[in-house]
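Examination of the molecular architecture
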Amino acid sequence: MDSVLLNDWHVVARSEDVQPGTLTKAKLLGVDLVIWRNTASQVLVWQDRCPHRSVRLSGGEVVNDTVVCPYHGLVFNDVGQCIEAPAHPGYTPPKQACVKAFKTHEQYGLIYASLGEPVREIPVFSEWNDPSYRLCLSGPYHCHTSGLRAIENFLDVSHFPFVHPGTLGDRAQTAVEDYTVSTDEDGVALHNVRVWQPDPDGQGKGEFVTYNYRAFRPLTAYFRKETPNGNCLAILFHVTPVEEEECVGWMWVAMNYAHDTPTEEVQKFQDHLIVEDFVLLETHNPKRLPLDLQLEFHLPCDRGSLAYRKWLKQLGLTYGAIAEPLS
């Protein structure tokens, strides 16, 4: 298992989708998960496997702060310990009759889980507590490609005129101006990425906008887009690595304008953009992100993705990546 991603936080569900009395399925790094909430509103994320005969617990039910296995009716309390085996009334199950539980955290209306020992906090979404911004959560978005490809696409602006014409880009204005990149202990940052957009804030007027990006973690990125009139759009993008070549995206959008636009319209617009992106992302061959910089050639405007790939290689990341040159 890749220790970089094993010891990181990943989104596995929306908070609102995990209600008391329900079992929710998810998958992270190839591991099947079951998610549930006890009566104290604590979220539990377990391996979706009964330790008795290895069936999925997500097919069972929640009863009085316990999970009942659908196969033999074994009962597990909210710390994962088996406390009852119906075939043997009065039997005390051994300590090893315990479901594997994982660390969890709720923040930003999302449920995060880590299969290992998280070494960093969940990145701060600075617009979250700013009353001048409206917030909208979109996703989950499923895509059959490496999650690293999805993050690299998020950091890229040169595809805007071709993948998002009329919204984020214009084929008559394709130039990407020079910008700077830095890498530090907080990840990779792209500074002052300036591009032309036909209608960046719904005012019906084309103009140049400025993006500032940050890849906080291998699968968590953020940007802040500013227009000359002071309007600002910020997005926090989490990508969950379901498998090496399958991922799920979750996107928080914050805007200091368009407060009267219905949330459904904001979500529909984001859905439209993501579908345009993911249709192309699924055509990648290879689907995993090459960290050998010689496998794909690069343009001057790719300096952000180059820094991202170099950073991933420096971290020692391997899951969803091609870490060595192809033979």
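Residues numbered from 1 in each chain as written. Predicted model: local features only at pLDDT ≥ 70, side-chain atom pairs only at ≥ 80, totals over all residues. Heavy atoms only, no water.

Topic: the nonpolar core
Formally: Working definition of a nonpolar core: buried Ala, Val, Leu, Ile, Met, Phe, Trp, Tyr and Cys residues. They are joined through side-chain atoms within 4.5 Å. Accessibility here uses a 1.4 Å probe with only protein chains present; expressed as a share of the type maximum, an area under 20% marks a residue as buried, one over 50% as exposed, and anything in between as partly exposed. Helix and strand assignments follow DSSP, with helices taken as H or I runs no shorter than four residues and strands as E runs no shorter than two, numbered in order from the N terminus. Contacts were defined at the residue level, with two residues in contact if any of their heavy atoms lie within 4.5 Å.
Among the nonpolar cores identified, the biggest contains 63 residues, and Leu33, Ile35, Phe154, Leu155, Tyr211, Tyr213 and Tyr308 are the most heavily contacted of them. Here this core gets five residues from one element, more than from any other, and that element is helix 4 (residues 263-281). Not counting residues up to four positions away in its chain, the partners in contact with Leu155 are Leu190, Tyr213, Ala215, Ala221 and Tyr308. Among the nonpolar cores identified, the runner-up in size contains 19 residues, and Ile122, Leu236, Val242 and Trp250 belong to it.

Section: the pairing of strand 4 (residues 43-47)
Rule in force here: A pair of strands counts as paired when DSSP detects no fewer than two bridges linking them.
The element strand 4 is largely enclosed, with a buried count of four among its five residues. Bridge analysis of strand 3 (residues 31-37) against strand 4 gives five bridges, and the strand direction is antiparallel. Considered in strand 4, the bridge of Ile35 is made with Val45. Here strand 3 hands over to strand 4 after five residues, with Ser41 in that stretch at a positive phi of 70°. Where strand 4 and strand 9 (residues 101-107) come together, two bridges link them in antiparallel fashion. Following the sheet pairing, Val45 is matched in strand 9 by Phe102.

Comments concerning the pattern of salt bridges
Defined as follows: We define a salt bridge as a contact between a side-chain nitrogen of Lys or Arg and a carboxyl oxygen of Asp or Glu at a distance within 4 Å.
For the structure on display, the rule yields 17 salt bridges. Across the salt bridge formed by Arg14 and Glu16, the nearest N and O atoms sit 3.7 Å from each other. When its relative accessible area of 13% is taken as the criterion, Arg14 is described as buried. For Arg303, the salt bridge is made with Asp178, and the minimal N-O distance between the two is 3.9 Å. Taken as a pair, Arg303 in helix 5 (residues 303-315) and Asp178 in the loop between helix 3 (160-163) and strand 12 (180-184) lie far apart in primary sequence, 125 residues in all. For Asp178, a relative accessible area of 66% translates into the label exposed. Salt bridges sharing common partners tie together Arg149, Glu152, Glu296 and Arg309.

A closer look at unusual backbone geometry
Between Gly139 and the following residue, Pro140, the backbone shows a cis peptide bond with an omega angle of 10°. Topologically, Pro140 is positioned in strand 11 (residues 134-143). Here the bond from Asn285 into Pro286 is cis, since omega is 10°, no more than 30 degrees from zero. If you trace the backbone, Pro286 turns up in the loop between helix 4 and strand 18 (289-290).

A few points about the side chain of Arg217
By the secondary structure assignment, Arg217 is in strand 14 (residues 207-217). Look at Arg217 and you get buried, because its relative accessible area is 8%.

Focus: the sheet that holds strand 17 (residues 246-255)
The condition is simple: Axis geometry follows a simple rule: fit a line to the C-alpha atoms, using only the stretch in contact for helices, then measure angles between N-to-C directions, giving values from 0 to 180 degrees.
The strand order across the open sheet built from seven strands is 11-17-16-15-14-13-12, with neighbouring strands paired in antiparallel fashion. Every other strand in the sheet has two partners, leaving strand 11 and strand 12 as the edge strands with one partner each. Strand-to-strand twist in this sheet, taken as the mean axis angle between neighbours without regard to direction, amounts to 20°. Summarising the sheet, strand 12 and strand 13 (residues 187-197) pair through five bridges and their orientation is antiparallel. Within strand 13, the residue paired with Ser182 across the bridge is Ala189.

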